[in-house]
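# An overview of the molecular structure
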Amino acid sequence: MKFGPVPIDQAEGAVLAHATKAGERRFRKAHRLSADDVSVLKAAGINEVVAAVLAADDLGEDAAAEMIAASMSHRNIEAKPAATGRVNLHAETAGVFTVDAAMIDAINAVDPTITIATLAQHAPVEKGQMVATVKIIPFAVATALVDRVARICAGDEIFAVNAYQPVRVGVIQTVLPGIKSSVLDKTLRVTEARLARSGGRLTAERRTPHEIAPVAEAASSLARDNDMVVIFGASAMSDFADVVPAAIEQAGGTVIRAGMPVDPGNLLVLGTLDGKRVIGAPGCARSPKENGFDWVLDRLIAGLDVTAGDIAGMGVGGLLMEIPTRPQPREPLPARSELKVDIVLLAAGRSSRMGGPNKLLALFDGKPLVRRAAERALDSRAANTIVVTGHQHERVRAALSGLDVTLADNPDFADGLSSSLKAGIARVAGDAAGAMIVLGDMPGVSSADLDRLIDAFRKSGGRSVVRAAHDGRRGNPVLLPRSLFPAIAHLEGDTGARHLVEAEGLDVVDVEIGEGAAVDVDTREALEGAGGVLQD
């Protein structure tokens with residue numbers, strides 16, 4: 001592949017390095033020029049373009065990414081269609097991610113043009129979550145390089161999502177004078193929630209004195225009818241011969257490891273009894289916050305072995321007190337009615353079809369259209385409203401004066417819709433389950449319409465795309481779940497949410513909101529017909 005300036009007479013078949021405008025036509029970055037395209041560019045007075053010219057033995061970026069992804073052996077993982085030289089791979093089920101790090105390193109060492117990135121080893125994942133991405137850096141790569149990567153991938157499993165199993169778990173809580181029953185009750189609730197998120201089920205609980213013999217007896221009993229036993233001691237383990245490890249051994253079991261290099265979680269005990277795993281939970285496991293107990297529990301429920309050596313190797317990355325928790329929520333998801341949604345109101349466009357005036361400043365009932373849209377967003381049940389500005393951003397911001405909105409300026413608004421989506425999503429709150437993309441030029445969308453979309457999103461558990469519709473035809477706004485946010489970062493040009501919905505394969509819920517879902521005001525006639533008055 002050759003990259004650089006290309007005379008327009010030699011540009012047929014070349015791949016544009018930058019978006020290029022020729023009169024009323026705009027050619028996107030990575031567009032492969034046809035003979036007709038070359039004629040249009042020449043007519044516009046363009047003598048050369050910066051482009052990539054593919055050699056006979058080159059593969060285009062999408063074809064190369066797809067071939068590499070197809071050569072990989074994996075479990076419970078789906079490869080999405082290629083776009084902009086990238087193939088994203090998503091979990092088909094919830095579980096624990098495992099990866100052959102040596103294979104990943106070998107692929108990334110072949111050539112800088114070919115890259116692959118994955119989640120961390122043993123990361124917990126949810127169904128639909130992206131776990132890996134293959135990215136081709138230039139517009140094309142030599143076929144020989146792709147073949148080398150395919151040979152590395154041949155035969156062995158490169159990564160997997162080890163699905164959570166519906167294991168049955170019995171719980172023992174020991175009691176000392178002064179311990180409150182409310183503490184034990186809360187521990188039980190937290191444990192049930194922790195198991196539920198990973199596919200496990202708490203089947204029985206025993207409360208015993210904090211003594212070796214009764215704990216050993218309860219452990220033997222629960223091990224017979226369950227796949228796993230978890231013991232919460234009323235007093236933290238202070239010695240390797242303390243109550244919990246000693247009880248495991250008295251019951252006929254084996255202590256695999258007492259103590260772990262993860263903080264919080266240092267005082268965990270791991271053992272076996274009658275072929276079942278027994279975990280002596282550290283005191284921090286009474287809280288839903290992430291700790292070493294999660295690392296061991298999740299792996300066991302996913303059917304992975306945990307050895308003394310595995311625990312000894314958890315020190316790197318094991319300091320959890322002062323770092324953010326994992327990307328996926330470690331506490332139980334809030335009730336559906338509490339799922340937070342932010343609104344991203346797109347107000348950065350140039351109103352090019354208006355011939356000069358900015359349609360977002362047109363008056364509807366004496367009020368600028370963009371202000372009316374923002375007020376309706378604020379009156380909805382959305383948690384926050386983010387307004388993305390760009391063209392005439394000072395005038396648009398002035399029209400929003402006094403409103404409790406978050407302003408996100410997009411200096412790259414001329415590059416297309418994707419740049420505004422990225423700017424808006426970047427400001428969405430970290431605890432929001434989704435973002436509703438609202439176009440600033442749709443005067444017929446009401447606060448009640450927005451609430452109907454939010455209600456449908458919450459009923460779906462926050463995992464589906466929710467889309468406004470009119471007479472069965474798709475429209476706007478569109479509410480995107482958080483699982484799509486990473487994909488937005490890879491959009492280019494004038495590509496919006498519709499591309500993501502189609503490419504990512506998530507469930508889509510259409511909500512009939514009436515004519516407002518289909519009415520935008522791109523032209524003077526449409527704006528005036530909707531009751532607007534343009535302002536110079």
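The coordinates are above.
An account of the accompanying structure is given in this report. Model, not experiment: these values are computed from the prediction.

### Some words on a positive patch on the surface
A contiguous patch of positive charge on the surface is contributed by Lys21, Arg26, Arg28 and Arg350. Note that arginine 350 resides in the loop between strand 22 (341-347) and strand 23 (363-364).

### Quick notes on helix 2 (residues 61-70)
Looking at helix 2, one finds that the buried residues are Glu61, Ala64, Ala65, Ile68 and Ala69. Burial along helix 2 is one-sided: seen end-on, the buried residues are contained in an arc of 130 degrees.

### A short note on empty space enclosed by the protein
Summed over the entire model, instances satisfying the criterion amount to one cavity of 30 Å³ or more. Each pocket or cavity is described by its volume, and for the largest cavity that value is around 100 Å³. Leu369, Arg372, Ala373, Arg376, Ala377, Val438, Leu439, Met442, Pro443, Val445, Leu450 and Pro477 are the residues that line the largest cavity. Those elements giving two or more residues to the lining of the largest cavity turn out to be helix 10 (369-378) and strand 27 (434-439). Among the elements that take part in the lining of the largest cavity, helix 10 stands out by supplying five residues, more than any other. Taken together, the residues of the lining of the largest cavity break down into 10 nonpolar, no polar and two charged.

### Remarks on the sheet that holds strand 24 (residues 367-368)
If you trace the three strands from one edge of the open sheet to the other, you get 24-23-31, paired in antiparallel fashion. At either end of the open sheet lies a strand with only one pairing partner, and these are strand 24 and strand 31 (532-533). Relative to strand 24, strand 23 runs antiparallel, the two being bridged by two bridges. From the neighbouring strand, phenylalanine 364 faces strand 24, where its bridge partner is lysine 367.

Thresholds, definitions, all that
- Residues numbered from 1 in each chain as written.
- Predicted model: local features only at pLDDT ≥ 70, side-chain atom pairs only at ≥ 80, totals over all residues.
- Heavy atoms only, no water.
- Patch = residues over 30% accessible without salt bridge, like charges linked within 9 Å, V, L, I, M, F, W, Y side chains within 5 Å.
- Areas by Shrake-Rupley, 256 points an atom, 1.4 Å probe, with all protein chains shown as cover.
- Salt bridge = Lys/Arg side-chain N within 4 Å of Asp/Glu carboxyl O.
- Lys, Arg positive; Asp, Glu negative; His and termini not counted.
- Charge placed at Lys NZ, Arg CZ, Asp CG, Glu CD.
- Helix = DSSP H or I, 4+ residues; strand = E, 2+ residues; numbered from the N terminus.
- Buried < 20%, exposed > 50% of the residue type's maximum accessible area, 1.4 Å probe, protein only.
- Arc of directions from axis to C-beta.
- 1 Å grid on protein atoms, 1.4 Å probe; cavity = no way out; pocket = protein on both sides within 12 Å on 5 of 7 lines; lining within 4 Å.
- Points joined across faces, edges and corners; volume = space filled by probe spheres on them.
- Nonpolar A, V, L, I, M, F, W, Y, C, P; charged D, E, K, R; others polar.
- Pairing = 2+ DSSP bridges.

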